Amino acid sequence: MKPGRIAMLVLGTLSAIAGLGLLAGAGISGWANYQQREGRFYTSTVEYLSHNSHALTSPGLDLASGQNVPDAAPADLPASIMLRGKATDPAGEIFLGIAPRSEVDAYLAGVEHAEIAGVKFEPFLVQYREFAGTTAPARPADQGFWTASASGPGQQELTWNLKSGDWAVVIMNAEAGRPVAVELQAGARSDLLWPIFLGLLIGGLILLVVGVPLVIAGAAGLGRGGPPSYPPSPSYPLPPGATQPYAAPGAVPSYTAPDRPPVPGGRSYPARLSGYLDPNLSRWLWLVKWFLAIPHYVVLVFLWFAFIVTTIAAWFAILFTGRYPRALFNFNVGVIRWSWRVAFYAYGVLGTDRYPPFTLARTDYPADFDVDYPDRLSRGLVLVKSWLLAIPHLLIIAVVAGSVRAWAVRDGNWVQEGAGVSLLGLLVFIAGVILLFTGRYRRGLFDLLLGLNRWIYRVLAYAALMRDEYPPFHLDQGPADPGDPQPADDGGHPPGVVEATPPRG
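What counts as what
Residues numbered from 1 in each chain as written. Predicted model: local features only at pLDDT ≥ 70, side-chain atom pairs only at ≥ 80, totals over all residues. Heavy atoms only, no water. Core = buried A, V, L, I, M, F, W, Y, C linked by side-chain atoms within 4.5 Å. Buried < 20%, exposed > 50% of the residue type's maximum accessible area, 1.4 Å probe, protein only. Contact = heavy atoms within 4.5 Å. Helix = DSSP H or I, 4+ residues; strand = E, 2+ residues; numbered from the N terminus. 1 Å grid on protein atoms, 1.4 Å probe; cavity = no way out; pocket = protein on both sides within 12 Å on 5 of 7 lines; lining within 4 Å. Points joined across faces, edges and corners; volume = space filled by probe spheres on them. Nonpolar A, V, L, I, M, F, W, Y, C, P; charged D, E, K, R; others polar. Polar contact = N/O pair within 3.5 Å; in protein donor to acceptor, adjacent residues only side chain to side chain. Axes fitted to C-alpha atoms, helices over the stretch in contact; angles between N-to-C directions. Parallel < 35°, antiparallel > 145°, perpendicular 65-115°, else oblique. Left-handed = near helix turned anticlockwise from the far one by under 90°. Phe/Tyr/Trp six-rings, centres within 6.5 Å; stacked < 30°, edge-to-face > 60°.

(A) Spotlight on the nonpolar core. Ranked by internal contacts, the top residues of the largest apolar core, which has 70 residues, are Tyr324, Phe331, Trp340, Phe369, Tyr441 and Met466. Discounting chain neighbours no more than four positions away, the residues touching Phe331 are Leu9, Ala219, Leu222, Gly223, Leu303, Ala306, Phe307, Thr310 and Leu360. By size, the runner-up hydrophobic cluster in this structure holds 22 residues, among which are Leu49, Leu96, Ile116 and Ala148.

Next up, the structure:
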């Protein structure tokens, strides 16, 4: 692989991902700014607060107080808050006030009151820190130190533009009696959302403009000179004790394009997946393959991001020219091939202990994937096949490869929870457990897993715009794809299972 193109791909992916993150932040801040137009606030739900004391206070609100400059006057901050509340007693009157923390402490000195120490929202629960006292406070509305206040019967609303300093919120009965029982709602707004939106939007667009061309250029460079679609016809004999053929060890395929032989039943599809079972599988190695495959997972994060970008670029190319750019096509096929090798090695099949190569190209690895390059593609189908025409297959794949989801009630709320693993994952786990205790990989189970994966990867190739032919609705089981020339078989293998002999050394 070309180091310069790899560097372009990595840098472009990082830049594009950062750009998308900034654009997502711009979308959130822009929506939030739109919601607070015309002086509106973001408000919480109405909650019930009560305590058998004279007052409820908030913890200290230290807002950019500039402690190193104690004599500094409070400065306006680009945000404001709103408090809206009423007494639970219809005949009662409520007082809401905001004042410097020192003034509130002096006012409530010796008065029994409670400070809100913590809040849990689901379900709503308030924790209080209680302060004992014997002094009855004066009426709060008669005090002159409040920066903002509201008092009276029914619902009262207080708004306050934030200022630097150490502040406290006080909730009381207007006559300063006890207990305090109110229904309270809070809100906030900020004038910084608009400049934040603009900054994130501009930054995200710049990073995308830099990153996307780098990704496409890097992918195209890696895809140039890729192998033709047709594999060589394997005619090598089976290894001793194996039930599935390997490519010849160390052989370099010639990648000539022979005439395709007829396939019984006409079930050939131009996206072909194959995988051949290792006759010497370790009983226990599959338990740690999640760790051994981490380097591949890291690389595949970058490759699949590039795959998405290049598929979008190919969508426009097909729409206007009817052709899939060959370099991008080779790159995307290589990404799927890489993923299939890792899946075959790890928890897609557990079919081999041979470590997957770090390459997009075809090798003699016992798992392979390829797609015939189309000379022309329909400009009309490209508009609908990825999301509309593929829906029946995607529903089937969701059943096979998706985990079960269920709705349940937790703390009075409906939440969605996962329930179990996918069917594909369950079958792989069963195969691994059988291998661990018996040293055997069941042939029928292996063939089924290959068939399920073959279905998934065919649909992936179709949804990625690589072919116009609709994927077939049938399960082609077994190691070899129906569209591949079949390897020679000496007929001497035992049916049903494969013995996994201990690896040498």
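(B) Broad picture of unusual backbone geometry. Cis geometry marks the peptide bond from Arg178 to Pro179; its omega dihedral reads 0 degrees. Even without glycine at this site, Leu350 takes up a positive phi of about 65 degrees. Its place among the elements puts Leu350 in the loop between helix H6 (326–345) and strand S14 (367–371).

(C) Layout of the layout of surface pockets. By volume, the largest pocket amounts to about 680 Å³. If you go around the largest pocket, you meet 27 residues; those closest to its centre are Leu83, Ile116, Val119, Leu184 and Ala186. Of the residues that constitute the lining of the largest pocket, the class distribution is 20 nonpolar, six polar and one charged.

(D) Structural context of the side chain of Arg454. Relative to the assigned elements, Arg454 resides in helix H10 (residues 443–463). A distance of 2.9 Å separates a polar side-chain atom of Arg454 from the backbone oxygen of Leu273.

(E) View of the packing of helix H9 (residues 423–438) against H10. Packing of H9 against H10 leaves a shortest axis separation of 11 Å and a crossing angle of 155 degrees. With respect to each other, H9 and H10 are oriented roughly antiparallel. Judged by the sense of rotation from one axis to the other, the crossing of H9 with H10 is left-handed. Together, Leu424, Leu427, Val428, Ile430 and Ala431 of H9 and Leu445, Leu448, Leu449, Leu452, Asn453 and Ile456 of H10 make up the contact between the two elements. When its residues are assigned to classes, the contact of H9 with H10 shows 10 nonpolar, one polar and no charged.

(F) Region of interest: the packing of aromatic side chains. Considering all chains together, one arrives at 23 aromatic pairs under this definition. Ring geometry for Trp286 and Phe429: centres 6.5 Å apart, planes at 80 degrees, overall edge-to-face. With Trp286 in the loop between strand S13 (271–275) and helix H4 (289–292) and Phe429 in helix H9, this residue pair connects regions lying 143 residues apart in the sequence. Of the residues examined, Phe429 reaches a relative accessible area of 49% and is grouped as partly exposed. With 6.2 Å between their ring centres and 45 degrees between their planes, Tyr355 and Phe358 make a pair best called tilted.

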